Amino acid sequence: MKKADWVLFLFAWFSGCVPALLGQQLGQVQGTVEDPNDSAVIQAAVKLTPRAGGTALKTVTDNTGRFVFSGVQGGEYLLAVTMEGFEKAQLHLQVGLSPVPDQRIRLKIAEIKEDLTVSARADDPISPEQNATAVHLDGDWLKSLPAKYDGVLSTASLFVDPTANDAEGTKIVVDGVEGSTLDVPSSSIKTIAVNSNPYSVEFARPGKGRIEVATRGGSLRRFHKRFSFAFRNAKLDAHNPFDRVFPPRQREWMEGALDGPLVGGKATFFVGGDYLRDDNNTFVTAVTPSGPLSTTVPIPLRTAHVLGRTDIRLTPVNILSLRYNWTDNRLPNQGVGAFDLPGRGWNAENQTHELRLSETAIPTPGFMNEFRFDFKYRPKLARSVSDAPAVLVNGAFNSGGAQISRNDQEKDLEFQDIASYLHGKHSLRFGGVLKSRFIDYTDRSNFGGTFKFSDLGSFIHNQPFLYTVNLGDARVTFRQNEFAYFFQDEIRLRPRLSLLLGLRHELQSNLADHRNLAPRVALSAASADGRTVLRAGGGIFYQRQPLVLEEQFLLLNGSHVRQVVLSNPSLPIVGNLADLPNEPPPSVLRIDPRIRAPYALQASLGVERKLGRDTFLSAEYTILRGLKLYRQRDLNAPLPATGDRPDPNFVNVDQFETSGSSHSNSLTLGSRTTVFRGRLQLVSHYTFSHSIDDTSGMLSLPADNFNLRAERGRSDFDQRHRFSFAGVFKLPWNFSVGCVATVYSGIPYDITTGFDNNKDTVANDRPSVGNPHAPFNSFAVDGSLVGGNGGILYDGAQALLGGSLVPINGGKVRWLILPGPGNAGRNVGNGPGLSAVDLRLARKFVLREKGKGSREVEFRADAFNSLNTANWKNYVGVLTSPFFGSPNDARPGREIQLSVRLKF
């Protein structure tokens, strides 16, 4: 891989620098496009047309608002700049023997502004980036919506489809570099997009499974300063549904930014940062031998982000950008709440240091090359507050220590080289990404041991069903290399017909299977007036193997950490288990030698309609099928017939494998509009969907290791209905109202017996006939049928056990007793829905007009969950739990936040 590193680096350097040197000549037109606030306008369409006729030259502005036309023949030209949300700008130029002066073009805001969409092809309705199902939000729009400190991601996440995520969740792409977190301050964010170009081969995931973030650069003309402060106090908030004492809470968040020109207008800088101090609380709701327990535990949070960036124009066709950002997160008392008592807390400290160097070259109007080098250092520490053994009582309480002790030192090197070339009807984009990840990982978790009990009665009688403890060398180091290359051609077959063809190839150092070719295709057709657009597409999307698989395999394969697993142990356990005369056999973790990269097949068909100048409606039907999905399986589980393990030299032989699958269908209806001369802007999405799969992820084990088909059921994230809405209404006298509303139906929950009935050391068994703890196979919770067909319904929470009625759960649950053999399926319980309306009222005071150097102050009041709706997190599905069929944790009630923002 070292040779590949050098080849990619040299290719990027020469492709950027050599054309830049060749591009310095007299016949050249260049300039900067800015908005009324002197900020650079990126991705604006620029056209240079000869007045005498001939071929027009086209380009788009770069991330500093610059454009360059090189090798321009002498004569008179018309220079035109177009950008959605702004009025078209035109000016006449004379190109001759002397150099053309640098052009500064300031765009005026259009009378009707569509802030929600930003595209390089604002006048092209069939461009993939212009699909109406995409959500594009700029910084000003985001600042008008009610938002917590993490509001940028939380707002964008409303429009993400969970079925399009991979094993590590939604991908966050910041200035072209992919990650799983947003490590930049909110003040540095210029635009954010979801589902932009859904089938682009530049990215590994579909458009609805990634959030693309572009950070802002500095102004070329003047200095800008911004500062915000937000404050919350529990005295202004409503009670949490599980709050019994109403504890104090205070939260302060501040951010600031400074940007402006450097070196006589040839460079800019931006410096921004934020800091959060949140003295929050969590609520414990459990049942112990002493009775019900409800208490409050503080979980103070401290986070900070800093970003510094400079953009230097080396030549008229060459820009060098240098950026450094730092993140520090301190998270005490994590893991506490619901069943977990205060002693179960663990403290986390996470940092990120990122250095990025990028170079953009535009040697000709039709060719652009982008080279990026990115280095990240991520130290992460996690340690339990208490080293006491963990005690887990199914569905009742968890006490003792958290048994967490991790030290993760990760260093990432990434090289990218991506080129764009426009030629006739073809718009080409191609390039490669090389990433090396260096891991130094130490995990001493569970070195103090964990006791597991099936229910509260088992704990009272001192009868654990399982004891586990880890011993040995807890440190591993390894390197993982990832490489991908792609080629894409967007072909304009007709003025109103476009075809996108692309191919992406994913490679990884610890995967033997390299046949990960991902072809993609998308077709867009518009009506003669351009107001109706039909889109269809399909493609393959591969996942990369997460680091956690290699980390856990190297730790637990028997060469480093020894896992000791004792079923039905005698208490007390004293001394070193390794010194016992009858040393128990170990448990190990393996990776299936046939493992391969999971992938998704996605196909979609959609239609869009533009009404008037400012309203867009869309409907899209999407099918997504996941194949070779991650799961774990115990290869040494006890045989159903004999109860013996196939290999007596081991207890558990868990294996990472890719034997799972999923299938989802969704219909998404969307709308966005700007009315009342731009004063009211709305965007909304409604999704009707259904997703089923047979795995809950890479760390999940099946209830029956010999019957994987029984795992097929609703996906953990399956929600039949999802509605998201965001809007801003600008009122007279500089008042404005922002609103974010969400209404979701419930996700499922799994119903289990609470016992390890099949003796595989995992208490995830489900009710079935012949089970002494749950001799029924179908029932109803709160009137909802779960499995089976036909039977007798009993009120008062009574169940038929061997012909007699016995009380269940104190009369809180209704049961349906059905005859016949079988198991309750996975995720058959239907959890609670969610609804919330967040509001913002703001008033802006203009202290100085823009022409004299703008100065503004804005006061805001936010109300999160303004209707104070009780939103339960989910229901407890353990039959032995006193909380079965009901919640023991909830999201916050109404919260009030006051803030002020200064801009000058």
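What comes next concerns the included structure. (Residues numbered from 1 in each chain as written. Predicted model: local features only at pLDDT ≥ 70, side-chain atom pairs only at ≥ 80, totals over all residues. Heavy atoms only, no water.)

In terms of helices and strands, the protein carries five helices and 49 strands. Across the 904 residues in the protein, those meeting the buried criterion constitute 56%. Within the protein, contacts between residues at least 6 apart in sequence are counted, and of these 69% link residues at least 24 apart. Accessible surface, the protein: about 38,300 Å² in total, of which carbon and sulfur atoms supply 59%. (Helix = DSSP H or I, 4+ residues; strand = E, 2+ residues; numbered from the N terminus. Buried < 20%, exposed > 50% of the residue type's maximum accessible area, 1.4 Å probe, protein only. Contact = heavy atoms within 4.5 Å. Areas by Shrake-Rupley, 256 points an atom, 1.4 Å probe, with all protein chains shown as cover.)

Once that is clear, we can look at the packing of aromatic side chains. On inspection of all chains with the given rule, the structure shows 16 aromatic pairs. A ring pair is formed by Phe-453 and Phe-459, whose centres lie 5.2 Å apart and whose planes are at 80°; its orientation type is edge-to-face. You can call Phe-453 buried: its relative accessible area is 4%. Residue classification places Phe-459 among the partly exposed residues on the basis of a relative accessible area of 25%. Taken together, the ring pairs in this structure connect Phe-397, Phe-453 and Phe-459 into an aromatic cluster. A cation sits over an aromatic face here: Arg-843 above Phe-735, 5.1 Å from the ring centre. (Phe/Tyr/Trp six-rings, centres within 6.5 Å; stacked < 30°, edge-to-face > 60°. Lys NZ or Arg CZ within 6 Å of the ring centre and 35° of its normal.)

Turning our eyes to something else, we now look at the pairing of strand 28 (residues 516–526). Looking along a regular strand, one sees the side chains alternate between the two faces of the sheet. What you see with strand 28 is a clean split: Asn-516, Ala-518, Arg-520, Ala-522, Ser-524 and Ala-526 sit on the buried side and Leu-517, Pro-519, Val-521, Leu-523 and Ala-525 on the side with no burial. As paired elements, strand 27 (residues 497–508) and strand 28 share ten bridges and run antiparallel to each other. Considered in strand 28, the bridge of Arg-504 is made with Ala-518. Adjacent in sequence and paired antiparallel, strand 28 and strand 29 (residues 532–542) are bridged by five residues, among which Gly-530 carries a positive phi angle near 75°. (Pairing = 2+ DSSP bridges.)

Among the nonpolar cores identified, the biggest contains 28 residues, and Trp-141, Leu-182, Ile-192, Ile-211 and Val-213 are the most heavily contacted of them. Where this core is concerned, the elements lending two or more residues are strand 8 (135–138), helix 2 (139–143), helix 3 (151–157), strand 9 (171–174), strand 11 (189–194), strand 12 (210–215), strand 37 (721–730) and strand 38 (735–744). For this core, the element with the highest residue contribution is strand 11, accounting for three residues. (Core = buried A, V, L, I, M, F, W, Y, C linked by side-chain atoms within 4.5 Å.)

Okay, a nonpolar patch on the surface next. Residues Phe-227, Met-254, Tyr-275, Leu-902 and Phe-904 make up a contiguous nonpolar surface patch of about 400 Å² in total accessible area. Assignment of secondary structure puts Tyr-275 in strand 15 (residues 267–288). Note on Tyr-275: relative accessible area 35%, which makes it partly exposed. (Patch = residues over 30% accessible without salt bridge, like charges linked within 9 Å, V, L, I, M, F, W, Y side chains within 5 Å. Salt bridge = Lys/Arg side-chain N within 4 Å of Asp/Glu carboxyl O.)

On to the pairing of strand 13 (residues 224–233), then. In this structure, strand 13 lies alongside strand 14 (residues 250–262), joined through ten bridges in antiparallel fashion. When the bridges of strand 14 are listed, Arg-226 appears paired with Ala-257.

Here we come to empty space enclosed by the protein. Applying the stated criterion to the full structure yields twelve cavities of 30 Å³ or more. Its boundaries defined by the atoms lining it, the second largest cavity holds a volume of some 320 Å³. Leu-142, Lys-143, Ala-147, Ser-186 and Trp-253 are, among the 23 residues lining the second largest cavity, the residues nearest its centre. Contributions of two or more residues to the lining of the second largest cavity are made by helix 2, helix 3, strand 13, strand 14, strand 48 (855–864) and strand 49 (895–903). The residue makeup of the lining of the second largest cavity, split by class, is nine nonpolar, seven polar and seven charged. (1 Å grid on protein atoms, 1.4 Å probe; cavity = no way out; pocket = protein on both sides within 12 Å on 5 of 7 lines; lining within 4 Å. Points joined across faces, edges and corners; volume = space filled by probe spheres on them. Nonpolar A, V, L, I, M, F, W, Y, C, P; charged D, E, K, R; others polar.)

Here helix 5 (residues 547–556) lies mainly inside the structure; eight of its ten residues are buried. Among all positions in helix 5, only Leu-547, Leu-549, Glu-550, Glu-551, Gln-552, Leu-554, Leu-555 and Leu-556 are buried. After helix 5 finishes, the residue Gly-558 shows a positive phi value of roughly 105°.

Let us now look at the environment of Asn-131. Within the secondary structure, Asn-131 sits in the loop between strand 7 (103–106) and strand 8. Overall, the relative accessible area of 5% leaves Asn-131 in the buried class. Between the alpha carbons of Asn-131 and Gly-606 there is a distance of 9.3 Å; along the sequence they are 475 residues apart. If we ignore the near neighbours within four places in the chain, the residues touching Asn-131 are Asn-195, Ser-196, Asn-197, Pro-198, Arg-535 and Glu-608.

Attention shifts here to the sheet that holds strand 1 (residues 29–34). Across the sheet, three strands lie side by side as 4-1-7; this open sheet has mixed pairing. The strands lining the two open edges of the sheet, one partner per strand, are strand 4 (66–69) and strand 7. For this sheet, the mean angle separating the axes of adjacent strands, direction not counted, is 25°. Taken together, the four bridges between strand 1 and strand 7 define a ladder with parallel strand orientation. Counted as the bridge partner of Thr-32 is Arg-104 from strand 7. (Axes fitted to C-alpha atoms, helices over the stretch in contact; angles between N-to-C directions.)

Next up on the list: the sheet that holds strand 12. Read across the sheet, five strands follow the order 8-11-12-9-10 without closing on themselves; strand pairing throughout is mixed. Each edge of the open sheet is held by one strand with a lone partner, namely strand 8 and strand 10 (177–179). Between one strand axis and the next, the sheet turns through 20° on average, direction left out of account. As judged from the four bridges shared by strand 8 and strand 11, these two strands associate in the antiparallel manner. Bridging from a neighbouring strand, Asp-138 pairs with Thr-191 of strand 11.

Let us look at the environment of Ile-491. Structurally, Ile-491 can be placed in strand 26 (residues 475–494). Sequence separation between Ile-491 and Lys-425 is 66 residues, and the spatial gap between their C-alpha atoms is 5.5 Å. With residues up to four places along the chain from it excluded, the contact list for Ile-491 reads Lys-425, His-426, Leu-497, Ser-498, Leu-499 and Leu-501.

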